[in-house]
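These are the residues of each chain, in order.
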Amino acid sequence: VARNRVCEVLGIERPIILGPMAWITTASLVAEVSDRGGLGVLGAGFMSSDEVMREIAATQKLTQKHFEVEFSPMPDMLDSITTIVEEQRPAVVYGVVVPAVNPELMKRHVVRWKECGARVVIKVATVERALAAERLGADAVVAKGWEGGGHVTPEATTCLVPQVVDAVSVPVAAAGGIADGRGMAAAIALGAEGIELGTAFLVAEETAIHPNAKQAVVEATDMRNVITGSCTGAPCRQIANRLSDELAEIEATCLRAEAAERLQTVAVQSLRKAMLEGDVEGGAVMAGQIAPLVKSIRPAREIMDAVIAEYGEVVSRLSSFPIS
Ligand SMILES: Cc1cc2nc3c(=O)[nH]c(=O)nc-3n(C[C@H](O)[C@H](O)[C@H](O)COP(=O)(O)O)c2cc1C
């Protein structure tokens, strides 16, 4: 009997995960994705513990379904993350393995999360990290390739996903450069059992970002996606604009350390500026390389239905595709 382990492990009906996005994946979008059978993920990245608690409570009011809370478990944050998990009992905890965290310490926290009944999903960008996630006790991993929005990862999705699938025994969801049923079919063909979408959900009607930012994503064409912040060691993708030109100028003309310091000043709050205030020239409209395939602002439900419907069409086309 065919089984989809991503759905089984996460307690969802459709193997579509909402990629956590700091400031962006908040209660209304998270609840909608979960209600429609996928997995909504709260982006708790820059939130204080109180804000996370409030956002969890707001989401719980909107949906009875499973949703996740995403944390970047920096060493000094682990205790407060575990307190939140113990008090709020989220069905799933979603994290990224941070090299600064001692694996034994991290493992002790993962054990406590699981004692609270939470399933643990860890997002990885290399095979080594996927193996480390499995050792920590992850129930599933999301393998994110370099096409994806947010922080740039080193390997392309098409190369990373099959390697991670071969390396670990837990189910794998693919992320990075997927926005439609063709992308989903490709991910499943590579061995993934689910997908995570970030850029595609940026423009969902329920996403609480400024309409200017959604419009900038919808209007993005190929070759407009640039990488900024390489000098900081944490480069991000964004749609080319005045800010990205300024950042590129600084990186091209300054020594690395000076560039990193100046970028810190220019780029600080840039995501917020674009996404919440609507300044799409002076702020960072972060989106992945797949943005040109994201063509309209519509409800999250329609985005998910379209992906699943097109996936079905692609699979039937493939099954009768003549190869000789
Ligand atoms: C604006 C933006 C912000 C993001 N913020 C986070 C974050 O805070 N934490 C995280 O784990 N991933 C973050 N991501 C990555 C997404 O969760 C997801 O993995 C990625 O967008 C998938 O690739 P795609 O954009 O091609 O769909 C962000 C992505 C975008 C576009």
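All values reported here derive from a predicted model rather than from experimental measurement. (Residues numbered from 1 in each chain as written. Predicted model: local features only at pLDDT ≥ 70, side-chain atom pairs only at ≥ 80, totals over all residues. Heavy atoms only, no water.)

Visitor: Give a detailed account of the overall build of the protein chain, specifying residues and quantitative values.
Guide: Helix and strand counts for the protein chain stand at 14 helices and ten strands. A globule of 324 residues ought to have a C-alpha radius of gyration of about 20 Å, and the protein chain, at 19 Å, matches this closely. For the protein chain, the C-alpha atoms occupy an extent of roughly 60 × 55 × 40 Å along the three principal directions. Looking at the protein chain as a whole, 52% of its 324 residues qualify as buried. Summarising the internal contacts of the protein chain: among those between residues at least 6 apart in sequence, 64% fall at separations of at least 24. Here the protein chain carries 30 positive and 41 negative side-chain charges, and the mean point of each set is 3 Å from the other. (Helix = DSSP H or I, 4+ residues; strand = E, 2+ residues; numbered from the N terminus. Rg over C-alpha atoms; globule rule 2.2 N^0.38 Å. Buried < 20%, exposed > 50% of the residue type's maximum accessible area, 1.4 Å probe, protein only. Contact = heavy atoms within 4.5 Å. Lys, Arg positive; Asp, Glu negative; His and termini not counted. Charge placed at Lys NZ, Arg CZ, Asp CG, Glu CD.)

Visitor: I'd love a proper account of the pattern of salt bridges, names of residues and values included.
Guide: A complete count under the given rule lists eleven salt bridges for this structure. A salt bridge links Arg3 to Glu8; the shortest N-O distance between them is 2.8 Å. Residue classification places Arg3 among the exposed residues on the basis of a relative accessible area of 55%. Overall, Glu8 belongs to the partly exposed group, its relative accessible area being 44%. Among the salt bridges present, the one from Glu13 reaches Lys65, with a minimum N-O distance of 3.6 Å. Pair noted here: Glu13 is in the loop between helix H1 (5-10) and strand S1 (16-18) and Lys65 is in the loop between helix H3 (49-62) and strand S3 (67-71), with a separation of 52 residues, a long-range link. What emerges from the salt-bridge pattern is a single network uniting Asp180, Arg182 and Glu310. (Salt bridge = Lys/Arg side-chain N within 4 Å of Asp/Glu carboxyl O.)

Visitor: A description of the site of the ligand should follow, citing residues and the corresponding values.
Guide: The environment of the ligand is formed by 20 residues, the closest being Pro20, Lys123, Gly177, Glu196 and Thr199. Within the contact set of the ligand, an oxygen atom lies 2.7 Å away from a backbone nitrogen or oxygen of Pro20. Interatomic distance of 2.7 Å between a backbone N/O atom of Gly177 and an oxygen atom of the ligand. Its residues assigned to classes, the shell around the ligand comprises eight nonpolar, eight polar and four charged. (Near = heavy atom within 4 Å. Polar contact = N/O pair within 3.5 Å; in protein donor to acceptor, adjacent residues only side chain to side chain. Nonpolar A, V, L, I, M, F, W, Y, C, P; charged D, E, K, R; others polar.)

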